[in-house]
Amino acid sequence: MIHKHILPNGLRVLTVPLTDHKTVTVLVLVGIGARDESKKQNGISHFLEHMCFKGTKKRPTAFDISRELDGLGAQSNAFTSYEYTGYYAKSHYKHLPFLLDVVSDIYQNSTLPDEEIQKEKGVVIEEINMYNDRPEYIAGKVMSELLYGDTPFGRSIAGDRDTVTAITQKSLAQYKKEHYNSSNTVVVISGKVDGTDTLTLVKNAFANIEQGLPEDRTLSRMAKREARVEITFKESDQAHMVLGLPGYDVFHKDKTILSVLSALLGGGMSSRLFQKIREEMGVAYYIYCHATSSTDSGDFQVAAGVDKNRVLEVCEAIQSELQKLISEEVDEDELAKVKEYLIGNMYLDLESSDAYAYYYGIKEVMRRPLEAPTETEKRIRAVTKEDIYRVANDLFAGAQLKMSIVGPFKSLPGVEKTLLL
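Treat the numbers as computed from the prediction; the structure is a model and nothing was measured.

Undergrad: I keep staring at the overall build of the protein and nothing clicks. Help me out?
TA: On a plain count of helices and strands, the protein comes out with 15 helices and eleven strands. Rg of the C-alpha trace for the protein: 23 Å, near the compact-globule value of 22 Å for 421 residues, within the 12% margin. Taking the principal axes of its C-alpha atoms as reference, the protein extends roughly 60 × 45 × 35 Å. Each of the 421 residues in the protein was classed as buried or not, and the buried ones make up 53%. Long-range contacts, defined here as pairs at least 24 residues apart, represent 81% of the contacts in the protein between residues at least 6 apart. Treating the 51 positive side-chain charges of the protein as one cloud and the 60 negative ones as another, the clouds have centres 3 Å apart.

Pasting the structure below:
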């Protein structure tokens with residue numbers, strides 16, 4: 001059973017006892033991400049995440065940090081999203097005090113040496129270049145621009161060459177001081193832990209954390225544009241495409257229904273789009289759907305890599321499958337299968353201490369209810385065919401899909417009519 005504590009300084013602490021595990025995970029999350037950046041700051045959250053591993057007063061270099069973690073047999077990493085940034089380490093449960101000492105030190109006491117900042121700019125720019133060499137990434141990036149326009153959600157989490165190059169030690173230190181504070185931070189300890197002793201360890205490790213007020217976020221706004229197609233020319237043997245439209249935020253009452261609908265369309269090898277596009281038509285290796293949600297917005301997308309000569313056929317087939325959901329209720333057996341797919345995958349994903357830390361930590365940092373997996377299962381099982389029909393009509397009926405495509409062409413005559421539902 002999960003336990004939540006709020007320390008006097010405002011720091012939120014979650015402990016997730018897993019008595020049958022031999023590992024423990026320390027995850028520290030801060031409620032700051034790419035969505036909170038100005039246009040000039042784009043990429044600074046991600047860059048700061050990189051720099052936190054470059055040395056502290058106690059552990060002066062990146063090698064000192066990695067050597068200590070390796071000495072504990074630990075796995076460690078960090079990540080940045082639009083909504084939050086996280087740092088974690090995982091090892092045998094007997095190493096909990098040491099893991100907590102290292103992760104809390106990285107989070108609170110990074111020295112941000114200027115020499116390392118200059119070197120890391122090259123690393124991050126190469127990371128950006130790596131992603132920009134991937135046509136499927138470009139297609140998704142352009143779709144974000146189509147849906148969210150000139151807003152943080154329409155920009156890359158990593159930033160671009162210009163914004164990364166402009167980062168200074170002063171701007172990085174100021175950004176960290178403004179946002180990395182107790183009220184904006186969640187510490188999750190998951191695995192074989194003792195609640196009382198663990199809480200004492202956390203209190204001591206974060207006794208000197210910066211204090212501040214919770215983030216007051218600006219609402220995200222989706223781009224108000226007519227349906228449109230954005231083509232990125234790239235010599236290739238395959239076309240990578242993304243179709244998208246607005247969806248639901250994480251608090252929306254129908255978010256679970258949309259998740260089931262998304263899985264029904266493109267959530268597995270027996271999903272409708274996979275069977276139609278790959279198995280029946282034989283024109284794609286990958287095709288899938290996903291519904292993405294933030295605290296105040298969301299979107300629904302279909303992504304595929306397809307035969308460059310059959311793009312219009314694929315668009316027509318996707319359009320047909322979406323229209324079926326608008327006009328016909330799903331079969332009970334098919335719906336039952338999709339529910340088991342989602343529930344089974346959820347529990348498979350929760351087979352490790354770090355998975356549980358992430359599961360609960362993300363809910364808390366986004367200030368969502370700390371719903372147990374069994375409660376999520378109940379909500380999925382409660383979805384009816386009438387719910388699917390209602391949500392399909394709410395999102396798709398009369399909608400104008402947007403399309404981002406990367407491939408060896410500069411125009412696609414006739415594709416616009418396949419984007420109207």
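What follows picks up the thread again.
Undergrad: Hey, could you run me through the pattern of salt bridges in this one?
TA: Pairing is possible between side chains that carry opposite charge, provided their charged atoms lie close to one another. Counted according to the given criterion, the structure contains 29 salt bridges. In this structure, Glu371 engages Arg379 in a salt bridge whose closest nitrogen and oxygen atoms are separated by 2.5 Å. The class of Glu371 is buried, set by a relative accessible area of 18%. Through salt bridges with shared partners, one network takes in Lys58, Arg59, Glu68, Asp101 and Asp105.

Undergrad: Could you clarify how one ought to interpret the packing of aromatic side chains in this entry?
TA: Two descriptors summarise a pair of aromatic rings, namely the distance from one centre to the other and the angle between the planes of the rings. Under the counting rule described, the total for this entry stands at 13 aromatic pairs. Judged by centre distance (6.4 Å) and plane angle (65 degrees), the rings of Tyr87 and Tyr180 are edge-to-face. Note that Tyr87 is positioned in strand β5 (residues 85-92) and Tyr180 in the loop between α7 (169-179) and β6 (185-191), a separation of 93 residues in sequence. Cluster of aromatic residues (ring-pair linked, three or more members): Phe53, Tyr87, Tyr107, Tyr180 and Phe206.

Undergrad: I keep staring at a negative patch on the surface and nothing clicks. Help me out?
TA: A contiguous patch of negative charge on the surface is contributed by Asp331, Glu332, Asp333 and Glu386. Under the relative-accessibility criterion, Asp331 is labelled partly exposed at 44%.

Undergrad: Would you take a moment to explain the side chain of Asn9 for this structure?
TA: Mapped onto the elements of the fold, Asn9 is located in the loop between β1 (3-6) and β2 (12-17). A distance of 3.0 Å separates a polar atom in the side chain of Asn9 from the backbone nitrogen of Leu11. Apart from residues no more than four positions distant in its own chain, Asn9 is found in contact with Ser182, Ser183, Phe206, Ile209 and Gln211.

Undergrad: Whenever I open this one, the sheet that holds β1 confuses me. Can you help?
TA: Working definition: the strands of a sheet are paired by backbone hydrogen bonds and lie parallel or antiparallel to each other. The sheet built from six strands is open, its strands ordered β1-β2-β6-β3-β5-β4 with mixed pairing. The strands lining the two open edges of the sheet, one partner per strand, are β1 and β4 (75-80). Averaged over all neighbouring strand pairs, the angle between strand axes comes to 15 degrees, with direction disregarded. Judged from the six bridges that link them, β2 and β6 form a sheet pairing that is parallel. By the bridge assignment for β6, Thr15 is matched with Ile189.

Undergrad: Looking at this structure, I do not really get helix α12 (residues 332-349). What am I missing?
TA: Since there are 3.6 residues in each turn of an α-helix, residues three or four apart along the chain are aligned in direction. Relative to the 26 Å expected for 18 residues at 1.5 Å per residue, α12 spans 26 Å between its end C-alpha atoms, a close match to the ideal helical length. Those residues of α12 not exposed but buried are Glu334, Leu335, Val338, Lys339, Ile343 and Met346. Viewed along the axis of α12, the buried residues span an arc of 165 degrees, placing them on a single side of the element. Turned more than 90 degrees away from the buried face of α12 sit Asp333 and Leu348, all of them exposed. Those residues of α12 that are buried lie in contact with α9 (255-266), α10 (272-280), α14 (373-381) and α15 (385-396). Where α12 begins, the side chain of Asp331 points an oxygen toward the backbone nitrogen of Asp333, at a separation of 2.9 Å.

Undergrad: Sorry if this is basic, but what is going on with the sheet that holds strand β9 (residues 284-293) here?
TA: Pairing in this open sheet of five strands is mixed, and the strands run β7-β11-β8-β10-β9 from one edge to the other. Edge strands, defined here as strands with exactly one partner in the open sheet, are β7 (229-233) and β9. Each strand of the sheet is rotated relative to its neighbour by a mean of 15 degrees, with strand direction disregarded. As paired elements, strand β8 (residues 238-246) and strand β11 (residues 402-407) share five bridges and run antiparallel to each other. Bridged to Val242 within β11 is Ser404. Sitting on the sheet, helix α5 (residues 135-148) is in contact with β7, β8, β9, β10 (298-307) and β11, with an inclination near 155 degrees to β11. The strands touched by α9 are β9 and β10; relative to β9, the strand with the most contacts, the crossing angle is about 175 degrees.

Calculation notes
- Residues numbered from 1 in each chain as written.
- Predicted model: local features only at pLDDT ≥ 70, side-chain atom pairs only at ≥ 80, totals over all residues.
- Heavy atoms only, no water.
- Helix = DSSP H or I, 4+ residues; strand = E, 2+ residues; numbered from the N terminus.
- Rg over C-alpha atoms; globule rule 2.2 N^0.38 Å.
- Buried < 20%, exposed > 50% of the residue type's maximum accessible area, 1.4 Å probe, protein only.
- Contact = heavy atoms within 4.5 Å.
- Lys, Arg positive; Asp, Glu negative; His and termini not counted.
- Charge placed at Lys NZ, Arg CZ, Asp CG, Glu CD.
- Salt bridge = Lys/Arg side-chain N within 4 Å of Asp/Glu carboxyl O.
- Phe/Tyr/Trp six-rings, centres within 6.5 Å; stacked < 30°, edge-to-face > 60°.
- Patch = residues over 30% accessible without salt bridge, like charges linked within 9 Å, V, L, I, M, F, W, Y side chains within 5 Å.
- Areas by Shrake-Rupley, 256 points an atom, 1.4 Å probe, with all protein chains shown as cover.
- Polar contact = N/O pair within 3.5 Å; in protein donor to acceptor, adjacent residues only side chain to side chain.
- Pairing = 2+ DSSP bridges.
- Axes fitted to C-alpha atoms, helices over the stretch in contact; angles between N-to-C directions.
- Expected span 1.5 Å × (residues − 1).
- Arc of directions from axis to C-beta.

In short, the description is geometric, and any link to function would need to be established separately.
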